[in-house]
Amino acid sequence: MDIGGTQCGAAIVDADGTPHNLRRIGTPSDVDAEGLFAAVASLAETVRAGERVDGIGVGCGGPMRWPEGVVSPLHIPAWRAFPLRTRLEQRFEIPCVVDNDAKAMTLGEWWRGAGRDASALLGVIVSTGVGGGIVVDGRLLHGAYGNAGHIGHVIASPDGPRCECGANGCVEAIASGHAIGVRYGGGIDAAGVAARARQGDDRARSLFAEAGRALARGVVAAAVLCDIDRVVIGGGVALAAWDLLAPTFESELAHVLRIEFARRLTVHRASLGANAGLVGAAALVLRPQG
Ligand SMILES: [Zn+2]
């Protein structure tokens, strides 16, 4: 399952990573915690349709208490400290694993997408926020609290705009869809800013240029620290506006990535699209990584 602020998806995923019975619903916004859980459980029930499944893997927006799967997703206000993992296990009587959605997407791309066969993969997800994940030697890194790979709060520009975390110049404060919309102003979202950039609006163009540079700096920090050999960039904002992000991303990468070992790094666009989160969530349970 893939649970986000806009949509919830579910599918049966085979041992080889192929999704079936895929179904998505709009995330209900006019319900309380129990109402939302009822919608999510009913989606899972519909998709399972009586099939035997080994477990339920869930990629969910953060923050969350990991590995307990007690979630407080930023973009799902109905759930604050909601015990999603326990509730799903009680309801379906099978094991459940809940992890961060960006980590699940990275694992999905490593298993079946553009990250296949990478020794050390960094996934960067640019959507409303900026998240990420790291798979090294076939293992998804978790860290002490489950936040390993959270590239959104790497500082890209110390004099940059204030981030919601309280620091200045985080990648997320410059490159997220939310930040691009807010910085442009006028209630226009990132897709609207992208449309204006393509029409030649200088301020819109410079916001995407700055976002591309910030992403490159975040990627370089992670690449050097974790000896990354491949980067997969996905998420709605990055995939829809890569034409606007790529020029400065690539020039900044060439400018700051100098040390010999890291220069072998290759950067790819995510190839599983909207299914990466579902496939990766299944991998949390099926553990194709061993
Ligand atoms: Zn931050």
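Given the structure is predicted, the values throughout are model-derived calculations rather than measurements.

A. Representation of the packing of aromatic side chains within the structure. Going through the model one piece at a time under the given rule, you end up with three aromatic pairs. Residues Phe 37 and Phe 82 carry aromatic rings whose centres are separated by 5.8 Å and whose planes lie at 40 degrees to one another, so their mutual orientation is tilted. Of the two residues, Phe 37 is situated in helix H1 (residues 33-48) and Phe 82 in strand S7 (residues 82-83); the sequence distance between them amounts to 45 residues. Here the two residues Phe 37 and Phe 82 agree in accessibility, since each one is buried. Among the aromatic residues, those joined into a cluster by ring pairs are Phe 37, Trp 79 and Phe 82.

B. Looking closely at the coordination of the zinc ion. In the first shell of the zinc ion, the protein supplies His 153 (ND1), Cys 163 (SG), Cys 165 (SG) and Cys 170 (SG), at 2.0 to 2.3 Å from the metal. Its four donor atoms give the zinc ion angles of 105 to 120 degrees at the centre, a pattern that matches the tetrahedral case. We note that the donor set of the zinc ion lies within a single chain, spaced as H-x9-C-x1-C-x4-C. Within this pair, whereas His 153 is found in the loop between strand S11 (139-140) and helix H4 (171-175), its partner Cys 170 is found in the loop between S11 and H4, the two being separated by 17 residues in sequence. Residue classification places His 153 among the partly exposed positions, given a relative accessible area of 31%.

C. Representation of the sheet that holds strand S4 (residues 56-60) in the model. Strand order in the open sheet formed by five strands is S3-S2-S1-S4-S8, and the pairing between neighbours is mixed. The open sheet has two edge strands with one neighbour each: strand S3 (19-26) and strand S8 (96-100). Where strand S2 (residues 7-13) meets S3, six bridges bridge the pair, whose relative direction is antiparallel. Bridge pairing links Val 13 to Pro 19 in S3. Contacts between helix H3 (residues 101-112) and the sheet are confined to S2, S4 and S8, with S8 contributing the most and set at about 100 degrees to the helix.

D. A look at the pairing of S4. With five of its five residues buried, S4 lies for the most part within the structure. Burial along S4 is two-sided: the residues Ile 56, Val 58 and Cys 60 and Gly 57 and Gly 59 are all buried.

E. The arrangement of unusual backbone geometry in detail. The peptide bond linking Gly 62 to Pro 63 adopts the cis configuration, its omega dihedral lying at 0 degrees. Cis geometry marks the peptide bond from Trp 66 to Pro 67; its omega dihedral reads 5 degrees. Locating Pro 67 in the fold gives a position in the loop between strand S5 (64-65) and strand S6 (70-71). You will see that Asp 227, though not glycine, has its phi angle at about 55 degrees, which is positive. On the basis of relative accessibility, which here comes to 48%, the residue Asp 227 falls in the partly exposed class.

F. Molecular detail of the pattern of salt bridges. Per the stated rule, a full pass over the model turns up nine salt bridges. For Asp 243, the salt bridge identified is with Arg 198, shortest N-O distance 2.8 Å. With Asp 243 in helix H9 (residues 242-256) and Arg 198 in helix H6 (residues 190-198), the pair connects residues that are 45 residues apart, well separated along the chain. On the accessibility criterion, Asp 243 (44% relative accessible area) is partly exposed. Arg 217 serves as the salt-bridge partner of Glu 252, at 2.8 Å between the closest nitrogen and oxygen. One end of the pair, Glu 252, is in helix H9; the other, Arg 217, is in helix H7 (residues 202-226), with 35 residues separating them in the sequence. Salt bridges linked by common partners bring Glu 45, Arg 48 and Arg 91 together as one network.

Conventions and cut-offs
Residues numbered from 1 in each chain as written. Predicted model: local features only at pLDDT ≥ 70, side-chain atom pairs only at ≥ 80, totals over all residues. Heavy atoms only, no water. Phe/Tyr/Trp six-rings, centres within 6.5 Å; stacked < 30°, edge-to-face > 60°. Helix = DSSP H or I, 4+ residues; strand = E, 2+ residues; numbered from the N terminus. Buried < 20%, exposed > 50% of the residue type's maximum accessible area, 1.4 Å probe, protein only. Donors = N, O, S within 2.8 Å, 3.2 Å for Na, K, Ca; no water. Tetrahedral: all angles 85-135°; square planar, octahedral: opposite > 155°, others 65-115°. Pairing = 2+ DSSP bridges. Contact = heavy atoms within 4.5 Å. Axes fitted to C-alpha atoms, helices over the stretch in contact; angles between N-to-C directions. Salt bridge = Lys/Arg side-chain N within 4 Å of Asp/Glu carboxyl O.

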